[in-house]
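Each chain is listed here by its residues.
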Amino acid sequence: MPQIAQLNRPAVSRWTLWSLALVAVYALVSVMSPAAIAFDHPAIPPLPPKKKAKDERPADPNVDKAVAKAKGEPKEQAKEEKAATVVVIQVPLPLTGNVDQLVQGQISRAVKRLPADAKRPTLILEFRPEAESAGEGSDFSRAHSLARYLVGEDLATVKTVAYLPHSVKGHAVLPVLACEQIVMSKDAELGAAGVDEKLLDETMRGAYREFATRRLTIPPAVALGMLDDDLEITRVTTPDGVRYETAEGVAKLRADGLANREDTLFRGGEKHFLDGNRMRQYGFATHLAEDKPSLAAALNVSPASLRAPLVPDQGWKPIRVEIDGPVNQQKVNWIRRVVNDHRKQGDFNLLCIEINSAGGNVNESVRLAQAIADFGKDIRTVGIIRREARADAGIIAWACDDLVMWENARIGGQGDARNIRDRDRENLRGPLEQIAMLRQRTWSLPLALVDSNTQLWPYQRAGSNDFLYLSTDEWSNLPEKEDWLRGANMLPTADGFDAKTAHEIGLATHVINSEEELKSLYHLDGEIKRVRSNWALQAIEWLADPRLSAMLLFVAMFALMIEFSSPGVGVPGFVALLCFVLFFWSQFLHGTATGLEICLFVVGIICVLIEIFVAPGTMVFGLGGGLMIVSSIILASQTFVLPTNTYQLQQMPVSLTVFIVGLTGAFVAVGLVRRYLPETPYFNKMILQPPGGEELEHRQVREQLVQWAHLSGKRGVTTTALFPSGKALFGDEMVGVVSAGEMIEKGASVVVVEVLGSRVLVREV
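As a starting point, this report considers the structure included with it. Just so it is clear, the model here is predicted, and its values are computed rather than measured. Numbers given for residues are sequential positions, taken from 1 along each chain in its written order. In keeping with the model being predicted, local features are shown solely for residues with a pLDDT of at least 70 and side-chain atom pairs are shown and tallied solely at 80 or more, while totals for entire chains, interfaces and linings include all residues. The side-chain quantities take in all heavy atoms of the structure and omit both hydrogens and water.

## Focus on the sheet that holds strand β10 (residues 273–275)
- Paired strands, in this sense, are two strands between which DSSP finds at least two bridges. Helix numbering and strand numbering both begin at the N terminus, where a helix is a DSSP run of H or I of at least 4 residues and a strand a DSSP run of E of at least 2. Sheet architecture is open: 3 strands sit in the order β4-β6-β10, paired in mixed fashion. If you trace the sheet from one side to the other, it starts and ends with β4 (168–169) and β10, each paired once.
- As paired elements, β4 and strand β6 (residues 189–191) share 2 bridges and run parallel to each other. Its bridge partner being in β6, V168 is matched across the sheet by L190.

## Looking at helix α13 (residues 292–299)
- Using a 1.4 Å probe on the protein chains alone, a residue whose accessible area is under 20% of its type maximum counts as buried, one over 50% counts as exposed, and one in between counts as partly exposed. Counted residue by residue, α13 has 8 buried out of 8 residues, so it is predominantly covered.
- For α13, the complete set of buried residues consists of K292, P293, S294, L295, A296, A297, A298 and L299.
- With its phi angle positive at about 60°, N300 sits one or two positions after the end of α13.

## What about the sheet that holds strand β3 (residues 159–164)?
- Here we have 5 strands laid out as an open sheet, ordered β1-β2-β3-β5-β11, and parallel in their pairing. At either margin of the open sheet sits one strand with a lone partner, and together these are β1 (86–93) and β11 (287–288).
- As paired strands, β3 and strand β5 (residues 181–184) are joined by 4 bridges and run parallel to one another. Bridging from a neighbouring strand, A162 pairs with I182 of β5.
- Most of the contacts of helix α6 (residues 99–112) go to β1, to which it runs at about 175°, and overall it touches β1 and β2 (122–129). Residues are treated as being in contact if the distance between any of their heavy atoms lies within 4.5 Å. Each axis is a line fitted through C-alpha atoms, and for a helix only the stretch in contact is used; angles between axes span 0 to 180 degrees, taken between their N-to-C directions.

## Examining the environment of S739
- Here S739 is to be found in strand β25 (residues 733–739).
- Taking the C-alpha atoms as reference, S739 lies 9.1 Å from V750; in sequence the two are 11 residues apart.
- With sequence-adjacent residues up to four places away left out, S739 is seen in contact with L722, P724, I744, L761 and V762.
- Under the rule applied, a polar contact is a pair of N or O atoms within 3.5 Å (in protein, one hydrogen donor and one hydrogen acceptor; residues adjacent in sequence only if both atoms are side-chain atoms). A polar atom in the side chain of S739 sits 2.7 Å from the backbone oxygen of E742.

The quantities given are spatial measurements derived from coordinates; they are silent on function.
Have a look at this one:
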């Protein structure tokens, strides 16, 4: 603040008054500025004040810078940090064949692409041994070649960092010694460099001594001890500090009287290696990092920068697959199958997964996320969210190497996934931890995308620029967890994250506004090839569209009403059956209908038929069957039974609308057909006009089996009790009669009140 600095200069009274005025204006602007307002932004909660503790480190100015960056201030520092560049190169172990040349080529291309105005860039070499190995079997000449390249003039302006998430042994130790900085996992081991050699020559010893001397990351004596198991290496405390010496060096120090304390580091005849904790203890490793977020915090870089893609020699060859609508087994199987087919053809190396889904089946989403994480080193995956990837669909996007979100997109929060129970939460956490281990990320964020009960807190380690958003359980498993301080405000997760927040917390890699921005990120020309689903899946998506579903229900119900209004079984019944089958089949394969809905519909139809043909008038089977049919149709249009969150409450009217539109349309159509179809010039030959007027009366009289009109007004005697029907004797004629509603005993006198065809209505005299 130059204004404040002016106060320290000798000045007359006028300058003093001007300085005080400037300070007041500066304070007012600071309070009212957007940067100050951003301090309380809910997406990135500010950290609480540091509490004094016994093991607390001195205050680090980097902590204040990180907090200022989270608040959005100052802009000058943001530009400075943006200029700093980080490049991550994976070094596959063992170093055999031409692996060293391939790695050197990748490094060379990455360095050439660095911006000219960047600060001294950081090159992170992530040493990745094969499964169940530690890089044993590396060829000495290949390891020596890579080590010489790392200390050569081409990388003189680049800071090299060796990152060891797993153990490294054999001659792969040599290029680790050639790096300026070592960051390890606490359980990783470094050493046993001569495990593959039966005889160690002076050339090998000289190489280890040379690179250790040039970098001084690991003392030369310790480097020789890692190579030769017969050497004994001692940590000696001298008046000038700590030294690491072989037996000869220790003897010389003793003779000179400089050895105050001796601690054996390596004993002769044993395997010489150090784990991450001891490497950090002795100062050989600067930090411990179990995953990429921890590595980013250790190096004071953005977590997203560790996921930046390195363009291969042949450039990116992309394909795009889409997840639209609910996540279900059919879609997941199709994506896995189509990706494996294209991998066999070798026609792509960049897989873009475009997601527009509210979730659905959590198990299937996790299964696809595991497949994405296992696709291999030869494929880079990019999750693209244009509108939403709600609930478990967010796990799929998180599992990709990169996550690109459009500015108005949203990830996680309430969706079509059912509420996660405690047992389901435990079952979900295990697979997420495995994927996070493969991706070198934290697992709390993806769990919070699905389970709103997962509490995320901001944690920051002194000296880091970025927050880690973790649950309490994940924080408790961090190495040196005491160094991580929890912020005061919990990160809200109930409604998921918008694109800006997702980028700020390290969940999204990029935020874009157009397709052209996406192409520019990966240096792509032309359209990204879309992998279309087969005709069956396209038909399912087409039939499952709410508009077409409503049309299917309309036709089905209309045909069913026509069928019930005509005798026998005909074409309308077949059309109704076909439409209902298409509706439930499409919804079942689309992932919204299950066996429950199908069973409800079939049982409902059976109950209605029982009401019509077996037990008419009971109403129980009719009402129960109708409710089951209605419930099955509504449930088949959604992934949940009862809405349990806001998103599902918003989707419930859509399902009801589909049913109401179909049913209302069917009633209206039947009314129109009955009213107008018989009068049309062509269809009047297909549908007969109902008789009316005198013709109807004449037909009713003609169709009567017995004429009782002559009994009107006559008296008789009941021969049975009337409840309300029975029999009565009128002269010599025994006639079935019906009382007007009251019960009449046997032998009572009755009179005929009215004759309606064959129905004789009587009352007691």
